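# Structural characterization, general
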Amino acid sequence: MQLRGRSAIVTGAAQGIGAAVARAFVREGACVAIADLDQARAQALASALCNDGAEAIGIGCDVARRDQVAAMVAAANERFGHVDILVNNAGITRPAMLHKMSESQWDEVTAVHLKGSFNCLQAVVPGMMERHRGRIINVTSAAGVLGTIGQLNYSAAKAGIVGMTLSAARELARYGITVNAIAPGAATPMTETIRTDPRFRDRYLDRIPLGRWAEPEEIAPVFVFFASDAAGYVTGQVLAADGGMTMR
Ligand SMILES: NC(=O)c1ccc[n+]([C@@H]2O[C@H](COP(=O)([O-])OP(=O)(O)OC[C@H]3O[C@@H](n4cnc5c(N)ncnc54)[C@H](O)[C@@H]3O)[C@@H](O)[C@H]2O)c1
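Owing to the predicted nature of the structure, the values given are computational and were not obtained by experimental measurement. (Residues numbered from 1 in each chain as written. Predicted model: local features only at pLDDT ≥ 70, side-chain atom pairs only at ≥ 80, totals over all residues. Heavy atoms only, no water.)

### Thoughts on the nonpolar core
Judged by nonpolar contacts, the single largest core of 38 residues is most densely connected at V21, F25, V32, I34, V87 and F223. Elements supplying a minimum of two residues to this core: β1 (7-11), α1 (16-27), β2 (31-36), α2 (39-51), β4 (85-88), β5 (134-139) and α9 (216-227). When residues in this core are grouped by element, the largest group, eight residues, is from α1. Apart from the residues within four sequence positions on either side, I34 is in contact with V10, A13, A14, A22, A42, L45, A46, L49, I57, G58 and I59. (Core = buried A, V, L, I, M, F, W, Y, C linked by side-chain atoms within 4.5 Å. Buried < 20%, exposed > 50% of the residue type's maximum accessible area, 1.4 Å probe, protein only. Helix = DSSP H or I, 4+ residues; strand = E, 2+ residues; numbered from the N terminus. Contact = heavy atoms within 4.5 Å.)

Set out below in structure tokens:
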């Protein structure tokens, strides 16, 4: 029970990696707010977790919208009293080659990843500063380090999240708040096309030294570590849980 008595917000937690993180946090004793664009799915997961004896709420929220983020964080604070852990996990892709990428494809991706992470950070940090305790976990990607063909918007946003992580870690260290980032790789709806489409499947698999895609449940313990007391002296780090894709 590494997170007993802690309360967490996990964005984009209705499915994929976020849902696995929410389940892992609950198993470790945390109360969890599942914040997702897909309100019905977020609430269904929260109900399932509550039926198993956990304390969880599902909240519909577009992280790119500051008003919705403010309301989501207020709801989590009202239910749990405070927020100890924020996982900025919500994400989308809008792939296109650079010469064909529309302004809206650029805007949508940067709005969710960059502005969304910023919105959630700004909404939870004042409470953490007051209590002199907090854990922020951002989600970046191998794409932000290596680049990906057809994903200039996503790669730029994920690289930006690394910069955001480092700046926030430096600013917030004096308040006892740690800020780290995880670059995952997992079999989720987001990666379905590159895992199954014969045009991409082998090319992507060849880039993973461990030779397989992880299940989201294999990635979740890394989030638990950063959220736990065990990581109290770890801040400003980017940890890749990607089967070795980005090893140097
Ligand atoms: N799966 C991978 O291999 C992989 C690799 C690198 C990085 N990532 C990152 O991990 C995170 C989770 O990815 P995943 O694979 O689980 O994706 P996913 O598509 O399976 O799940 C993403 C979730 O985010 C939600 N979401 C999308 N836009 C949102 C918004 N504006 N506000 C709130 N919620 C929103 C979706 O409804 C969905 O539930 C993302 O940030 C993604 O970029 C994933």
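From this point, the discussion proceeds with the structure in view.
### Observations concerning unusual backbone geometry
Despite not being glycine, H132 has its phi angle at roughly 60°, a positive value. Residue position: H132 is located in the loop between α4 (103-131) and β5.

### Structural notes on the sheet that holds strand β6 (residues 177-184)
Think of a sheet as strands paired side by side through backbone hydrogen bonds, with each pair either parallel or antiparallel. The seven strands are arranged β3-β2-β1-β4-β5-β6-β7 in an open sheet whose pairing can be described as parallel. Of all strands in the sheet, those bounded by a partner on one side alone are β3 (56-60) and β7 (238-241). Across this sheet, the average inter-strand angle for adjacent strands is 20°, counted without regard to direction. Both β1 and β4 contribute to a ladder of three bridges, which runs parallel. Bridge assignment links I9 to a residue of β4, and that residue is L86. In the packing of α2 onto the sheet, contacts are made with β2 and β3, and the angle to β3 comes to roughly 175°. Helix-sheet contacts for helix α6 (residues 152-172) involve β5, β6 and β7, and the interaxial angle to β6 is about 160°. (Pairing = 2+ DSSP bridges. Axes fitted to C-alpha atoms, helices over the stretch in contact; angles between N-to-C directions.)

### Some words on the site of the ligand
Among the 29 residues in the neighbourhood of the ligand, the closest are listed as D36, N89, Y154, A186 and T188. Within the contact set of the ligand, an oxygen atom lies 2.9 Å away from a side-chain nitrogen or oxygen of K158. Protein chains shield 93% of the accessible area of the ligand, which is 830 Å² for the free molecule. In a pocket analysis with a 2 Å cut-off to the grid points, the ligand is assigned to the largest pocket. At the level of secondary structure, the elements contributing two or more residues to the shell around the ligand comprise α1, α4 and α6. (Near = heavy atom within 4 Å. Polar contact = N/O pair within 3.5 Å; in protein donor to acceptor, adjacent residues only side chain to side chain. Areas by Shrake-Rupley, 256 points an atom, 1.4 Å probe, with all protein chains shown as cover. 1 Å grid on protein atoms, 1.4 Å probe; cavity = no way out; pocket = protein on both sides within 12 Å on 5 of 7 lines; lining within 4 Å. Sits in = over half its atoms within 2 Å of the grid points.)

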